[in-house]
Amino acid sequence: MKIGIIICNRYKSCAGGKCFRAMQNREGAFDIYDPAEALEIVGYTSCGGCPGGNVEYTCAEMIKNGAQAIHLATGMVVGYPPCRSVNYFKSFIQEKYKIKVVVGTHPIPQKYYDTHQNLETWRGNMWQELIKPTLADEELRNQYN
Ligand code: SF4
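On a predicted model such as this, the values are computed, not experimentally measured, just so you know.

Quick look at the environment of Ala67
Within the element layout of this structure, Ala67 appears in the loop between helix H2 (54-64) and strand E3 (69-72). Spatially, the C-alpha atom of Ala67 lies 5.9 Å from that of Gly4, the residues being 63 residues apart in sequence. Leave out the neighbours within four places in its chain, and Ala67 touches Lys2, Ile3, Gly4, Val42, Gly43, Met62 and Ile99.

Some words on the nonpolar core
Counting residues in hydrophobic clusters, the biggest one holds 34 residues, and the most contacted among them are Ile6, Leu72, Ala73, Met76, Val77 and Val86. With 4 residues, the top contributor of residues to this core is strand E1 (residues 2-7). Beyond its immediate sequence surroundings of up to four residues, Val86 is in contact with Leu72, Met76, Val77, Val103 and Leu130.

Details of the sheet that holds strand E4 (residues 100-103)
Strand order in the open sheet formed by 4 strands is E2-E1-E3-E4, and the pairing between neighbours is parallel. Since the sheet does not close on itself, it has two edges, and those belong to strand E2 (40-46) and E4, each with one partner. Strand-to-strand twist in this sheet, taken as the mean axis angle between neighbours without regard to direction, amounts to 20°. Contacts from H2 reach E1, E2 and E3, with the element oriented near 160° to E2.

Considerations on unusual backbone geometry
In the segment running from Cys50 into Pro51, the intervening peptide bond is cis, with an omega of 10°. Examined against the element boundaries, Pro51 turns out to sit in the loop between E2 and H2. The omega angle of the peptide bond from Tyr80 to Pro81 is 0°, so this bond is cis rather than trans. Mapped onto the fold, Pro81 is located in the loop between helix H3 (75-78) and helix H4 (86-97).

Describing the pairing of E2
Judged from the 6 bridges that link them, E1 and E2 form a sheet pairing that is parallel. Note on E2: the bridge partner recorded for Lys2 is Glu40. The parallel pair E1 and E2 is bridged by helix H1 (residues 17-25), and the resulting crossover is right-handed.

Conventions adopted
- Residues numbered from 1 in each chain as written.
- Predicted model: local features only at pLDDT ≥ 70, side-chain atom pairs only at ≥ 80, totals over all residues.
- Helix = DSSP H or I, 4+ residues; strand = E, 2+ residues; numbered from the N terminus.
- Contact = placed C-beta atoms within 7 Å.
- Core = buried A, V, L, I, M, F, W, Y, C linked by C-beta atoms within 7 Å.
- Buried ≥ 20, exposed ≤ 12 C-beta atoms within 10 Å, placed from the backbone.
- Pairing = 2+ DSSP bridges.
- Axes fitted to C-alpha atoms, helices over the stretch in contact; angles between N-to-C directions.
- Right-handed = clockwise from strand over helix to strand, strands pointing away.

This is the structure in structure tokens:
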């Protein structure tokens, strides 16, 4: 299985450790993949900065390199504020490139979970759907703190 990852540009200097660890362990949004199946990252880049202009083009290269799914990194749903366009990016990529899009990579770190819960950031069905793949349980969220 070949995947591409697009991260929020606010975290562009991130070394990607949590994403790669979660991928290796099939945790967070990667738990949909069979552990017996190899996962290969064929592209890793940022959205290019608000409003996310790189999203329009970067998927084409990932697909050219064999990507079968695009993951929008967890930073897009846990940032302060979360990306307002993440749901649009998901719909756009699916429509334009006819490829599976998964919102999230590694499990939501507990410290972000706590703050967003207190702020009620993810109130409403849309956000509940968006965080579902990376919600995990508290024990796992703590491991990604
Ligand atoms: S908030 Fe959204 S559009 Fe802005 S840099 Fe992050 S992912 Fe890109």
